[in-house]
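Coordinate inspection notes
One-letter residues, chain by chain:
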Amino acid sequence: MSPSILLILLLILAYVGFYAGKKRAVGCVEGKVKFLHSLPGFYGFYVSLWSVIPALLITLIWLIVEPVWMTQAVTAQLPEEMINLPPERLNLVLNDIRNVVNGSTLATQSDSVILDAASHYESLQSLSHWLMAIVTIGLSMACMWISCQRIHQHYRARNAVEKAVTGGMVICSTIAIFTTLGIVSSVAYESFLFFQSVPVFDFLFGLDWSPQTAMRSDQVGSSGAFGAIPLFTGTLLVSLIAMLVAVPIGLMSAIYLSEFAGPTFRATAKPTLEILAGIPTVVYGFFAALTVAPFIRETGEAMGLSVSSESALAAGLVMGVMIIPFVSSLSDDVINAVPQSLRDGAYALGATQAETIKQIIFPAALPGIVGSILLAVSRAIGETMILVMAAGLSANLTFNPFEAVTTVTVQIVTLLVGDQEFDSPKTLAAFALGLVLFVVTLMLNVFALYIVRKYREQYE
Amino acid sequence: MSYIRESVPSHSMKRQTLSNVLGMKKIDRESRETVGAITSSDTRISCRNVNVFYGEKQAINDLSLDIGNNEVISFIGPSGCGKSTFLRTLNRMNDTIPSCKVEGEIKIDDKDIYHRDMDVVPLRAQVGMVFQKPNPFPKSIYDNVAYGPRIHGLAVNKTELDEIVQNSLIKAGLWEEVKDRLDEPGTGLSGGQQQRLCIARTIAVNPEVILMDEPCSALDPIATAKIEQLIAELKERFTIVIVTHSMQQAARVSQRTAYFHMGHLIEVGDTNQIFTNPVHPLTEDYITGRFG
């Protein structure tokens, strides 16, 4: 019996359990529901939770343990010379067997040993699944019966159900935390491997980035240089250009929208501005590469400047446009959150609208505005697609916006695209860069939240 | 006089006048014509036939009233009767509400404040306002008081500004409590102190009229008593218009009282007379607690 059918059976059992629990609870008090401790539905939920959760846990554990156990059993049945193969070759053989079982390889193409092993595997698997089904359903029914027996007039089913629901919510809320921890630990582990071949200092402060390494021992050149400073400056340069575009425009539009614009204009302009945030970055990318970059190059040439066809300026400008809504929308919300009473107070003293905005509203909204800008910065630093398409790939150590630069994110993409060995410094460098990126954006986010929190209560 | 009910034979005019003096109810309950003296001997603000609209809805109907120099006049009436709306027309604070439209004539010192050429900035410096909920700026106590003088350029140097701030705080009765912590945020003060800070902020720009929109409704009785005492001192220098929900407060602080009902000014007169001997039946209902 396949696990999916088992799951459906469990759900049916849960449904049955619900009515069994409810019926028993109502039966306990001969239909006088008001004498029950909890509403009848809670007794139903109580029984159905008991009939599903332990059974599901057992299924989960079974499905985790099963492949390990089966691999061992199948390996033990293989001929002597195959068992003695080196581990990675043995893995290949086992893969072949699994492929035959799943039907992804034609059985006729494989040799008889593999076919024998495959049929052995298949029979073991079906046995295991039948066993699992019997155990699970048996457990489910047993739990249902026991929990039904525990129901009596004063049984606190509501408290038990509430406890279970609370537990479920705790699990949901910690999933994000555990995912973050998982990502951090995997990136940190790979970075650790990288730093065993390249010293941390050379990586963080080296001025030369050329990550090509020899794949075979007979290749010449390409010894690899992993100094990340050109990438950091590239990232910094592009983010700076983007912020120079996004902060003034975003802030001004936020102030206009919240303080000057009429309700009709605001109702149209704000969603339109937010559409900018919804455009896929890939679209921004080819807009930057095919429209903005040539325009900048031609304008620059007309003025006698030498501009490369992929430039930090083109990528930065387009990225700036992309993050305008982050600044404007958040700042607009923050400015709107400044109480009307403060505006009234200033107007009643004879302040003009400009004075009120500059001296009262802006300072009161400043923490939120700073927060929105920092969030936009971390977005800019993490942005990839526009830069891949429009900023170039050459790791120039320059602050000239007309030259092509490359950034941390772009290098991560280029290091990991294509056929790669996953144990060379070249690919591992991507993880180290990712770690740096993660740490920087994390610090920016924490700092932004700190600022927002610290000053938030000032006008409340 | 057309609204006076003909309950006595028309030939005995003397008796009718007498009954009016004795406060016998001669006025039709449905009458919306203002009872009492709307004029003042030493007029500072003069309002004639004022109508205020919020979009289609009329909030003030044909209101005429004079407010005298250095007098404390209180506006009372049930919620939504238009007293706050009328108060806010006196320094054009209603301009901040886009749907609000004001008709009629409001003159302060014989200048029409709704005239095209009128600049609201000096007007609001001349007619200050204190709000229902204390609204100190999220700045230091000093900067709160210094804000008005700064934007109007009332002080040439730091010493003068210090002096204005100190005097305003003294007049607002807050100096002794805050003199050692002028650079702490104004929002950290207690509710009553915040309201006195707002009053200090208002008098720092040296206005002629102070409008107070239920200044004590968010305060406890002790803080309320302090504000009322302050109003008694301030009336020496300023004309004060106060909107209040507390009739006791109106009776304690004001010389004249105006009763509003559903956008109409029903009755205005000497505070003593309004509270002891109201003429209009609606006023009497409100004063005696039968309505509102």
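A few points about the overall build of chain A
Broken down by element type, chain A carries 16 helices and two strands. If you take every contact in chain A between residues at least 6 apart in sequence, the share linking residues at least 24 apart comes to 74%.

Details of the interface of chain A and chain B
Listed by partner, the interface residues are 16 residues for chain A and 22 residues for chain B. Elements that contribute at least two residues to the side of chain A that touches chain B include exactly helix H12 (340-348) and helix H13 (353-382) of chain A. No other element matches H12(A), which puts six residues into the side of chain A that touches chain B.

A word on the packing of helix H2 (residues 40-77) of chain A against helix H5 (residues 112-150) of chain A
Residue and element names in this part refer to chain A. Between H2 and H5, the shortest axis-to-axis distance is 8 Å and the interhelical angle comes to 160°. Taken together, the axis directions place H2 and H5 in an arrangement best described as roughly antiparallel. Handedness of the crossing formed by H2 with H5: right-handed. Taken together, the residues of the contact of H2 with H5 break down into 20 nonpolar, nine polar and one charged.

Observations concerning the sheet that holds strand S7 (residues 209-213) of chain B
Paired through their backbone hydrogen bonds, the strands of a sheet run either parallel or antiparallel. Residues and elements named next belong to chain B. On the basis of which strands lie adjacent, the open sheet formed by six strands has the order S6-S7-S8-S3-S9-S10 and mixed pairing. Of all strands in the sheet, those bounded by a partner on one side alone are strand S6 (127-130) and strand S10 (264-270). Here the average twist between neighbouring strands, direction ignored, is 20°. As paired elements, strand S9 (residues 256-261) and S10 share six bridges and run antiparallel to each other. Of the residues in S10, the one forming a bridge with His261 is His264. Contacting S6 and S7, helix H7 (residues 191-203) crosses the sheet at an angle of about 170° to S6.

Here's the deal with the confidence of the model for chain B
Close inspection of predicted coordinates is inappropriate in any region flagged by low pLDDT. All names here are of chain B. Per-residue pLDDT for chain B averages 85, and the proportion of residues at 70 or more is 90%. In this model residues 1-19 is a low-confidence stretch, pLDDT under 50, and it forms 12 contacts with partners more than four residues away in sequence or in other chains. Two summary scores accompany this predicted model of the complex, namely pTM at 0.72 and ipTM at 0.83.

A word on the domain arrangement of chain A
Entries for chain A in the domain assignment read domain 1 (3-163) and domain 2 (225-459). If you average the C-alpha positions of domain 1 of chain A and of domain 2 of chain A, the two centres end up 49 Å apart.

A word on the packing of helix H1 (residues 3-28) of chain A against H2(A)
Residues and elements named next belong to chain A. Here H1 crosses H2 at 155°, and the two axes come no closer than 6 Å. The angle between H1 and H2 falls in the class roughly antiparallel. Remark: the crossing between H1 and H2 carries right-handed chirality. When the residues that make up the contact of H1 with H2 are grouped by side-chain class, the tally is 19 nonpolar, seven polar and two charged.

Side note on the pairing of S7(B)
Residues and elements named next belong to chain B. Judged by how many residues are buried, S7 sits mostly within the fold: five of five residues are covered. The two faces of S7 match: Val209, Leu211 and Asp213 on one face and Ile210 and Met212 on the other face are all buried. Sheet topology note: the S6/S7 ladder contains four bridges and is parallel. Bridging from a neighbouring strand, Val127 pairs with Val209 of S7. Here S7 pairs with strand S8 (residues 239-243) via five bridges, running parallel. Residue pairing for S8: Asp213 is matched across the bridge by Val243. The parallel pair S7 and S8 is bridged by helix H8 (residues 221-234), and the resulting crossover is right-handed.

As for the pairing of strand S1 (residues 43-54) of chain B
Residue and element names in this part refer to chain B. As paired strands, S1 and strand S2 (residues 57-68) are joined by eight bridges and run antiparallel to one another. Note on S2: the bridge partner recorded for Val52 is Ile60. In sequence, S1 turns back onto S2 through a hairpin of two residues, with Gly55 there showing a positive phi of about 65°. Relative to strand S4 (residues 100-108), S1 runs antiparallel, the two sharing eight bridges. For Tyr54, the partnering residue across the bridge sits in S4 and is Cys100.

Thoughts on the nonpolar core
It is characteristic of soluble globular proteins that their nonpolar side chains tend to be buried jointly. All names here are of chain A. With 139 residues, the main nonpolar core has Ala288, Ala315, Val318, Ile386 and Ala390 as its most contacted residues. No other element matches helix H11 (residues 312-337), which puts 16 residues into this core. Once residues within four sequence positions are removed from consideration, Ile386 is found in contact with Thr281, Tyr284, Gly285, Ala288, Ala315, Val318, Met319 and Met322. Counting residues in hydrophobic clusters, the runner-up holds 19 residues, among them Leu13, Ala20, Met144 and Ala157.

Here we look at the environment of Gly206(A)
Locating Gly206(A) in the fold gives a position in the loop between helix H7 (200-205) and strand S1 (209-210). In this structure the C-alpha to C-alpha distance between Gly206(A) and Asn336(A), which are 130 residues apart in sequence, comes to 47 Å.

Thresholds applied
- Residues numbered from 1 in each chain as written.
- Chains lettered and ligands numbered in written order.
- Predicted model: local features only at pLDDT ≥ 70, side-chain atom pairs only at ≥ 80, totals over all residues.
- Helix = DSSP H or I, 4+ residues; strand = E, 2+ residues; numbered from the N terminus.
- Contact = placed C-beta atoms within 7 Å.
- Axes fitted to C-alpha atoms, helices over the stretch in contact; angles between N-to-C directions.
- Parallel < 35°, antiparallel > 145°, perpendicular 65-115°, else oblique.
- Left-handed = near helix turned anticlockwise from the far one by under 90°.
- Nonpolar A, V, L, I, M, F, W, Y, C, P; charged D, E, K, R; others polar.
- Pairing = 2+ DSSP bridges.
- pLDDT = per-residue confidence, 0-100.
- Domains from an automatic or database assignment.
- Buried ≥ 20, exposed ≤ 12 C-beta atoms within 10 Å, placed from the backbone.
- Right-handed = clockwise from strand over helix to strand, strands pointing away.
- Core = buried A, V, L, I, M, F, W, Y, C linked by C-beta atoms within 7 Å.

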